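Structural overview for review
Now for the letters of each chain:
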Amino acid sequence: MMDARQLQTEYQRLLGAFRRQLPDPGLRLAVGQGADEYFRQCALSVWKAGGTPVTPAHADWYNALGAEPPVLYWELVTRTDGAGPIPEPPFWQRLKDYDKRTGHSTARRFLTPLSLVLVLLAGADGQVSPREAAAIQTCLDALAAQCDQENLPGDRTPISIAQYITQTPAPSAPQPVKPSDRQLRPDPEPQTEEKEPTLEELLAQLDELCGLEKVKADVHSLINLVKVRKLREEAGLPVPPMSLHLVFQGNPGTGKTTVARLLARLYKAIGVLSRGQLVEVDRSGLVAGYVGQTALKTSEVVQSALGGVLFIDEAYALAPQDNPNDFGREAIEVLLKAMEDHRKDLIVIVAGYTDLMGNFIHSNPGLESRFNKYLTFEDYDGEQLLEIFHSLCRKNGYTLAPAAEELARETFQRLYETRDKNFGNAREVRNRFETAIARQADRLAGAENPTKEDLMELTAEDWGEE
């Protein structure tokens, strides 16, 4: 029986093999953006169809599919109870439309990785039950029937799930259908254990981030301080007490979560943390609606973060100034105790708007004593916003025409100069990028035989009028 990490590796391999065969960059982007959320919904549907209780191991598998923030066990139980039949992929219609236009068989080929991932998910409890297999078969048959009705090209060989039904623990991974029977072939490369990045590699990733020069310098200084403290400990020298808990303050979209994730891995690389994972929550992930439940909910979150970093976004919402009896204060007390009990293997980072975070820290003496290091994330200026846009283009296989480049430069400079406290920074850039590629898709949908360069280039028309 495979574990959650092996599931994640196999899932990424199967999905990556399919995406690499997609000839259209827009399709690759659509599948990449929608797949994780889709397969998490599939997991809930398959597990509900199985009829057996979900376990904490199921939560690990669910989170391995990219859940952010990670779901807790009690949340997974609720989500599974409310699940319906296995849904249609959000990008399914787009695959079919593409095949109709081009004569490709992307829709039919997707059925193979879909079937394999669904069977993997069904085996989370060690076996694939007949009820789970029936639910998977119903989904695959319905999608295949659509391909038949719309006369889409590709192999019409039915996929049978019955062969995977087990009464004993399921194999570590279902064997793929023979390549002679199906067109999609999984990668032939053997699976290897992912190598942990070195301290130098992680610091290089930090330095590659756009902007944030003061934050980068502060992180380098903090890592140096921690490294020397470790050396003093190993040499038997006294080490003065120091809190590693941090306050990240700044507007949305300035890279706070990204830096927190890197910090967690940096701390693991130098031996401060044992696991180096990031658990991200906000008020809703810590506070319950009834007396006594908040402490249990917060404690469970803390347990999931041990060995890593607990990142609390919009932390000021835990202590609303207008309600001294709010349950959020109970969550704060649990957090303060956990920070003391697990001070050697838990780091807490609280984040939010600069002015509100100051009020939050000063609302409780315990917070003031534990959070004495502040990292301020400044807004990105116009040139930095443009560079972030360029990085999104490079990452997703797009280029920017000269006229569009000039429009983008003017737009981002104006956005920076007229920004207010709600300025979204990198989030605003991503919104602009997604709007531009949607406009490009509308422009090219009716074009006859667009070239690869056409499919990659974003023009002034795609940027749109301001």
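Residues numbered from 1 in each chain as written. Predicted model: local features only at pLDDT ≥ 70, side-chain atom pairs only at ≥ 80, totals over all residues. Heavy atoms only, no water.

Re the sheet that holds strand β1 (residues 246-250)
Strands in a sheet are paired, the pairing made by backbone hydrogen bonds, and the direction either parallel or antiparallel. Defined as follows: In this description, strands pair whenever DSSP reports at least two bridges between them. Helix numbering and strand numbering both begin at the N terminus, where a helix is a DSSP run of H or I of at least 4 residues and a strand a DSSP run of E of at least 2. Note on method: axes are straight lines fitted to C-alpha atoms, helices fitted across the in-contact stretch only, with angles between N-to-C directions ranging 0 to 180 degrees. Residue contacts follow a heavy-atom distance rule, with two residues in contact if any of their heavy atoms lie within 4.5 Å.
Strand order in the open sheet formed by 5 strands is β2-β3-β4-β1-β5, with parallel pairing between adjacent strands. At either margin of the open sheet sits one strand with a lone partner, and together these are β2 (278-281) and β5 (373-377). Along the sheet, successive strands turn relative to each other by an average axial angle of 20°, direction set aside. The pairing of β2 with strand β3 (residues 309-312) spans 4 bridges and is classified as parallel. If you follow Val281 over to β3, its bridge partner there is Ile312. Docked against the sheet, helix α10 (residues 256-269) engages β1, β2, β3, β4 (347-352) and β5, running at close to 160° with respect to β1.

Side note on the pairing of β5
For a regular strand, side-chain orientation follows a simple rule: the groups alternate between the two sheet faces. Basically, it comes down to this: Only protein chains enter the accessibility calculation, which uses a 1.4 Å probe. A residue is then buried if its area is under 20% of the maximum for its type, exposed if over 50%, and partly exposed in between.
The alternating pattern of β5 places Lys373, Leu375 and Phe377 on a buried face, while none of Tyr374 and Thr376, on the opposite face, is buried. Pairing between β1 and β5: 5 bridges, direction parallel. Opposite Gln249, over in β5, you have Thr376 as the bridge partner.

Brief notes about the side chain of His58
Along the chain, His58 turns up in helix α3 (residues 56-64). Each residue touching His58, except ones within four places of it in the same chain, is listed here: Trp47, Pro53, Leu76, Ala124 and Asp125.

Quick look at the nonpolar core
Spelled out, the test is: Side-chain atoms within 4.5 Å are what join buried Ala, Val, Leu, Ile, Met, Phe, Trp, Tyr and Cys residues into a set we call a nonpolar core.
Ranked by size, the top nonpolar core spans 57 residues in total, and within it Phe39, Trp47, Leu95, Leu114 and Ile136 carry the most contacts. Non-local contacts of Phe39, meaning those with residues more than four positions away in its chain, are made with Tyr11, Leu15, Leu65, Phe110, Leu114, Val117 and Leu121. By size, the runner-up hydrophobic cluster in this structure holds 53 residues, among which are Leu212, Ile347, Phe412 and Val429.

A few points about the pattern of salt bridges
Using the following cut-off: The working definition used for a salt bridge is a side-chain nitrogen of Lys or Arg within 4 Å of a carboxyl oxygen of Asp or Glu.
Counted by the stated rule, this structure contains 16 salt bridges. Lys100 is paired through a salt bridge with Glu150; the nearest N and O atoms lie 2.7 Å apart. Highlighted residues: Lys100 in helix α5 (residues 92-102) and Glu150 in the loop between α7 (130-149) and α8 (199-208), separated in sequence by 50 residues. By relative accessible area, which is 47% here, Lys100 ends up partly exposed. In this structure Glu150 comes out as partly exposed when scored by relative accessible area, which is 27%.

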